[in-house]
Amino acid sequence: MSTPASRPTALITGATAGLGASYAAHLAAAGHDLVIVARDRNRLEETAERLRERHGVQVEVLAADLAHRADLAAVAARLGDEARPVDLLVNNAGYGLKQSLAVGEIELLEQHFDVLARAVLVLSNAAAKAMVDRRRGRILNVGSIAGLLAGGGHYAALKGYVLALTESLAKDLRGTGVSATVVMPGYVHTEFHARAGMKGASGPSHAWLKPDDVVTASLRDTFAGHLVSVPSVQYRVLAAVLGVLPRSVVRTAWRFSSRKAPSNARTTSAVTSSSALTTQG
Ligand SMILES: NC(=O)c1ccc[n+]([C@@H]2O[C@H](COP(=O)([O-])OP(=O)(O)OC[C@H]3O[C@@H](n4cnc5c(N)ncnc54)[C@H](OP(=O)(O)O)[C@@H]3O)[C@@H](O)[C@H]2O)c1
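Residues numbered from 1 in each chain as written. Predicted model: local features only at pLDDT ≥ 70, side-chain atom pairs only at ≥ 80, totals over all residues. Heavy atoms only, no water.

Under an unreviewed UniProt entry, the protein has the name Short-subunit dehydrogenase and belongs to Kineococcus xinjiangensis. Of the protein, the UniProt comment under Sequence similarities (unreviewed entry) reads exactly: "Belongs to the short-chain dehydrogenases/reductases (SDR) family." (UniProt positions renumbered as here; feature names shortened; annotations may be inferred.)

Enquirer: Any details on the sheet that holds strand S4 (residues 88-91)? Residues and values, ideally.
Expert: Strand order across the open sheet formed by seven strands is S3-S2-S1-S4-S5-S6-S7, with parallel pairing between neighbours. Since the sheet does not close on itself, it has two edges, and those belong to strand S3 (59-63) and strand S7 (228-229), each with one partner. Of the pairings in the sheet, the one linking strand S2 (residues 33-38) to S3 comprises five bridges and is parallel in character. Looking across to S3, one finds that Ala38 is bridged to Ala63. Sheet strands in contact with helix H2 (residues 41-55) are S2 and S3, and its direction is about 170° off that of S3. (Pairing = 2+ DSSP bridges. Helix = DSSP H or I, 4+ residues; strand = E, 2+ residues; numbered from the N terminus. Contact = heavy atoms within 4.5 Å. Axes fitted to C-alpha atoms, helices over the stretch in contact; angles between N-to-C directions.)

Enquirer: Please set out the site of the ligand residue by residue, giving values where relevant.
Expert: Taken together, 32 residues surround the ligand, and among them Thr16, Arg39, Tyr155, Thr190 and Gly281 come closest. Take Thr16: an N or O atom from its side chain is 2.7 Å from an oxygen atom of the ligand. Measuring from an oxygen atom of the ligand, one finds a backbone N or O atom of Leu19 at 2.8 Å. Burial of the ligand by the protein chains amounts to 98% of its free accessible area of 890 Å². (Near = heavy atom within 4 Å. Polar contact = N/O pair within 3.5 Å; in protein donor to acceptor, adjacent residues only side chain to side chain. Areas by Shrake-Rupley, 256 points an atom, 1.4 Å probe, with all protein chains shown as cover.)

Enquirer: With reference to specific residues and values, describe the nonpolar core.
Expert: Counting residues in each nonpolar core, the largest one holds 82 residues, and the members touching the most others are Tyr23, Leu34 and Leu66. Examining the composition of this core, we find that ten residues originate from one element, helix H4 (residues 106-134), more than from any other. (Core = buried A, V, L, I, M, F, W, Y, C linked by side-chain atoms within 4.5 Å. Buried < 20%, exposed > 50% of the residue type's maximum accessible area, 1.4 Å probe, protein only.)

Enquirer: Outline the layout of surface pockets, listing residues and values.
Expert: Unoccupied space between atoms shows up once a probe the size of one water molecule is rolled over them. The computed volume of the largest pocket comes to approximately 740 Å³. Looking at the largest pocket, it is lined by 37 residues, and the ones nearest its centre are Asn92, Ala93, Gly94, Tyr95 and Arg195. When residues of the lining of the largest pocket are traced back to their parent elements, those giving at least two are helix H1 (18-29), S2, H4, helix H5 (153-173) and helix H6 (192-195). By residue class, the composition of the lining of the largest pocket is 17 nonpolar, 13 polar and seven charged. (1 Å grid on protein atoms, 1.4 Å probe; cavity = no way out; pocket = protein on both sides within 12 Å on 5 of 7 lines; lining within 4 Å. Points joined across faces, edges and corners; volume = space filled by probe spheres on them. Nonpolar A, V, L, I, M, F, W, Y, C, P; charged D, E, K, R; others polar.)

Enquirer: Before we move on, can you summarise the pattern of salt bridges with the specific residues and values?
Expert: With the rule as written, the count across this model stands at nine salt bridges. Here Glu191 and Arg43 are joined by a salt bridge, their closest N and O atoms 2.5 Å apart. Of this pair, Glu191 sits in the loop between strand S6 (178-183) and H6 while Arg43 is found in helix H2, placing the two residues 148 residues apart along the sequence. Classification of Glu191 by relative accessible area gives partly exposed; the value is 30%. Among the ionic contacts, a cluster of salt bridges with common partners joins Glu60, Arg78, Asp81 and Arg84. (Salt bridge = Lys/Arg side-chain N within 4 Å of Asp/Glu carboxyl O.)

Enquirer: An account of the pairing of S6 is needed here, citing residue identities and associated values.
Expert: The element S6 is largely enclosed, with a buried count of six among its six residues. Neither face of S6 is open: one carries Val178, Ala180 and Val182, the other Ser179, Thr181 and Val183, and all of them are buried. With six bridges connecting them, strand S5 (residues 137-142) and S6 associate as parallel partners. The partner of Arg138 across the bridge, within S6, is Ser179.

This is the structure we're talking about:
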């Protein structure tokens, strides 16, 4: 077993459920100490205790709501703590939101923006600064295949930002010894869809990925220093198709696929209502 002095440290946001819990388990099993971040402190403590017992690593709990600026600043400060260096940042926390950009609640849309976009920017910057000084480190941002969808609602717009941000970050990090990776999963079996009120959402079973498979593939790509990770063959094909199609064609396809959307829906994007599952995840 690795000793505390020899163990690298990973900070994972949204580490209590779904993909984040799987990142935490995989990294602990591989001998990383962890800093785990989420809002629910009890669940964080339970997760930390389980990982310490199972893997003999140190697990630090940092309860934070990434939509709150003071909490986000505390997580950024932890990343910048020179005495306790973080070797890997996994920007994973996120959720789906069924709100129309046109008539939805702006407070909910802003919170969504703060967690899925602003927090990723702030924490990537805090981690990169500390890592560049040490000339080593890795940043893994959890995007989505939805980030390639033109006209796919607020979630798709934010995941598009995560993709573009990571591409630019990787360029700025070139030659520093620090890498940035974005993983773009399709549907994954997690708490995501139930939390977003999409319990009834369905899709072909072969389209659904297991969290452990997404995590294994994306960590492999992260440690290999790859910029983009798209787990599973079917989503690599989809990403390639979406990447070459003109955005106008993708937009038209989405408009067509969501024609049954009620025009006055306040809580659901007109674009995503009939295909909420497809565009959020
Ligand atoms: N599931 C999919 O189909 C899918 C597909 C592509 C991409 N993704 C992306 O994968 C990432 C993880 O999602 P998941 O599917 O694993 O969802 P999940 O099972 O619902 O887990 C979400 C995690 O994020 C935390 N979280 C949510 N809001 C937060 C906030 N304001 N501040 C801090 N932590 C917060 C939650 O803990 P607390 O509630 O305690 O805060 C939880 O630990 C997200 O970025 C999501 O967009 C998911």
